[in-house]
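An overview of the molecular structure
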Amino acid sequence: MRIRRSLLDLDDLDADELAYIFERTAAFERKPPGPLLKGVACVNVFFEASTRTFTSFNLAQLRLGADVINLSPRDLSLSTKGETVEDTAVTLAAMGIGVLVVRHPEVGFPQRVAMCFDGHVVNAGDGGHAHPTQALLDIYTLIDEFRNLANRTVAIVGDVEHSRVAHSTIRGLHRLGAKVVLVGPESFLPAGYAREGVVVERDFDAILPHADAVVLLRIQRERFAEMPMTDEEYIAGYRLDERRLQTLRPEAIVMHPGPYNRGMELDESVLDYAGWRYLKQVRNGVCIRMAVLDFLVNGGR
Ligand code: NCD
């Protein structure tokens, strides 16, 4: 079996490929590219809830003229008839499925699929490990805003430990020369996250006046048994609210991969803040995914 290109995490892309995907995303935004995936069958299979990622992968595939099949995990023989992941992947490839987009709560699940699937696999989120297309669209949104990210300060705030988005985004931002400041309590952000170019900060208020961008994270309650502090304690330390917004630089932007929990990591004043970029991130998600699919199937430069 020929190993085809997959996107399991950002490290699968070198600097040129990253730049190429961002260029293509911008070009697709300016002008829809037509049916670059005509005749390519894409299967989306999401073993975890998804609104944005699922819909934007579907839209991206449809806009590129692909044949799109959405498999519900509950209906797979994998779930009820004892078929293995490996046999499922081989079966789908035999039908000529070219692309598998997979989300799964198990870390490494898309990697397992990629080892035996004769086609391209895109990781749409595996447990708390990685979510490369979300990281790409977040980084693209930052580049769109600031052009060059070198020496820009990006604060990523909250439950870093359980956030696959944060894990992928941190790698990408670091590679592009941004100063990454991770902000959160010990239980959501072990001190071990600090390394060259990545700082751990406990005091949200201290970093706000220095940030070019603040990326808020949802507390990933589905990934741990017990909340390590009360909601009130979390809110007091880490919720972005009206008072904290006023301490930001005037040109600072605020982002969130979604879904956001009103009242926890942000209050409603954030949704009216001039630099709130969430909807822009969501919009960028479609063209990023078009660019990723085109890159994997048709190749780069
Ligand atoms: C995230 C995810 O599923 O990892 N959402 C997304 O894909 N945009 C983040 C989250 O669930 O909080």
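See the structure printed just above.
This text gives an overview of the structure that appears in the document. (Residues numbered from 1 in each chain as written. Predicted model: local features only at pLDDT ≥ 70, side-chain atom pairs only at ≥ 80, totals over all residues. Heavy atoms only, no water.)

In this section: the packing of helix α1 (residues 15-30) against helix α12 (residues 278-298). Contact geometry of α1 with α12 gives a least axis separation of 8 Å together with a crossing angle of 125 degrees. Relative to α12, α1 is oriented oblique. When you trace α1 past α12, the crossing you get is right-handed. Along its contact with α1, which presents Glu17, Tyr20, Ile21, Phe22, Arg24, Thr25, Phe28 and Glu29, the element α12 presents Asn284, Cys287, Ile288, Met290, Ala291, Val292, Asp294 and Phe295. Residues that form the contact of α1 with α12 fall into these classes: ten nonpolar, two polar and four charged. (Axes fitted to C-alpha atoms, helices over the stretch in contact; angles between N-to-C directions. Helix = DSSP H or I, 4+ residues; strand = E, 2+ residues; numbered from the N terminus. Parallel < 35°, antiparallel > 145°, perpendicular 65-115°, else oblique. Left-handed = near helix turned anticlockwise from the far one by under 90°. Contact = heavy atoms within 4.5 Å. Nonpolar A, V, L, I, M, F, W, Y, C, P; charged D, E, K, R; others polar.)

Here we come to the site of the ligand. Near the ligand you find Thr53, Arg103, His131, Gln134, Arg164, Val165, Arg218, Gln220, Pro257, Gly258 and Pro259, and these make up its full shell. The contact in question runs from an oxygen atom of the ligand to an N or O atom on the side chain of threonine 53, over 3.0 Å. Protein chains shield 94% of the accessible area of the ligand, which is 310 Å² for the free molecule. A breakdown of the residues in the shell around the ligand according to their chemical character gives three nonpolar, five polar and three charged. (Near = heavy atom within 4 Å. Polar contact = N/O pair within 3.5 Å; in protein donor to acceptor, adjacent residues only side chain to side chain. Areas by Shrake-Rupley, 256 points an atom, 1.4 Å probe, with all protein chains shown as cover.)

Here we take up the pattern of salt bridges. Going through the model one piece at a time under the given rule, you end up with 20 salt bridges. One salt bridge in this structure joins glutamate 17 and arginine 5, with 3.1 Å as the shortest N-O distance. Placement of glutamate 17 in helix α1 and of arginine 5 in the segment before α1 is noted, with a sequence separation of twelve residues between them. The exposure class assigned to glutamate 17 is buried, which follows from its relative accessible area of 17%. (Salt bridge = Lys/Arg side-chain N within 4 Å of Asp/Glu carboxyl O. Buried < 20%, exposed > 50% of the residue type's maximum accessible area, 1.4 Å probe, protein only.)

This paragraph deals with the side chain of asparagine 123. Of note, asparagine 123 is situated in strand β4 (residues 120-126). Here aspartate 126 takes part through its side chain, which lies 2.9 Å from a polar atom of the side chain of asparagine 123. With near-sequence residues (within four places) excluded, asparagine 123 lies in contact with Leu7, Leu8, Val102, Pro110, Ala130 and Pro132.

Looking now at helix α7 (residues 164-175). For an α-helix, 3.6 residues make a turn, and residues three or four places apart therefore share a direction. The end-to-end C-alpha distance of α7 is 17 Å, a good match for the 16 Å that twelve residues give at a rise of 1.5 Å each. The element α7 is largely enclosed, with a buried count of nine among its twelve residues. Of the positions making up α7, those classed as buried are Arg164, Val165, Ala166, His167, Ser168, Thr169, Ile170, Gly172 and Leu173. Against β3 (97-104), β4, α6 (132-146), β5 (153-157), β6 (179-183) and β7 (198-201) lie the buried residues of α7. (Expected span 1.5 Å × (residues − 1).)

So, on to the sheet that holds strand β8 (residues 213-216). If you trace the five strands from one edge of the open sheet to the other, you get β7-β6-β5-β8-β9, paired in parallel fashion. Each having just a single partner strand, β7 and β9 (253-255) make up the two edges of the open sheet. If you compare each strand with its neighbour and ignore which way they point, the axes differ by 20 degrees on average. Judged from the five bridges that link them, β5 and β6 form a sheet pairing that is parallel. By the bridge assignment for β6, alanine 155 is matched with valine 181. The strands touched by α6 are β5, β8 and β9; relative to β9, the strand with the most contacts, the crossing angle is about 170 degrees. (Pairing = 2+ DSSP bridges.)

A separate point is the environment of proline 209. Along the polypeptide, proline 209 turns up in the loop between α8 (204-207) and β8. On the basis of relative accessible area, proline 209 is assigned to the partly exposed category, the value being 36%. In this structure the C-alpha to C-alpha distance between proline 209 and leucine 248, which are 39 residues apart in sequence, comes to 4.8 Å. The residues touching proline 209, leaving out its near neighbours within four places in the chain, are Thr247 and Arg249.

Core analysis: the biggest nonpolar cluster contains 54 residues, and Leu136, Leu142, Ile156, Val160, Leu173 and Leu182 have the highest contact counts within it. Broken down by element, the residue count for this core peaks at nine residues, all from α12. Excluding residues within four positions of it along the chain, isoleucine 156 makes contact with Ala166, Thr169, Ile170, Leu173, Val180, Val181, Leu182, Val183, Val215 and Leu217. Residues Ala155, Tyr234, Tyr238 and Tyr278 belong to the second largest nonpolar core, which totals 28 residues. (Core = buried A, V, L, I, M, F, W, Y, C linked by side-chain atoms within 4.5 Å.)

Before going further, it helps to spend a moment on unusual backbone geometry. Of note, the bond from glycine 258 into proline 259 is cis; its omega dihedral lies within 30 degrees of zero at -5 degrees. Checked against the element boundaries, proline 259 lands in the loop between β9 and α11 (268-271). For arginine 147, which is not glycine, the phi dihedral falls at a positive 65 degrees. A residue is classified by how much of its surface remains accessible, and arginine 147, at 61% relative accessible area, is exposed. Positive phi outside glycine occurs at asparagine 151, with the angle close to 65 degrees. One can find asparagine 151 in the loop between α6 and β5. Using a relative accessible area of 56% as the deciding quantity, one classes asparagine 151 as exposed.

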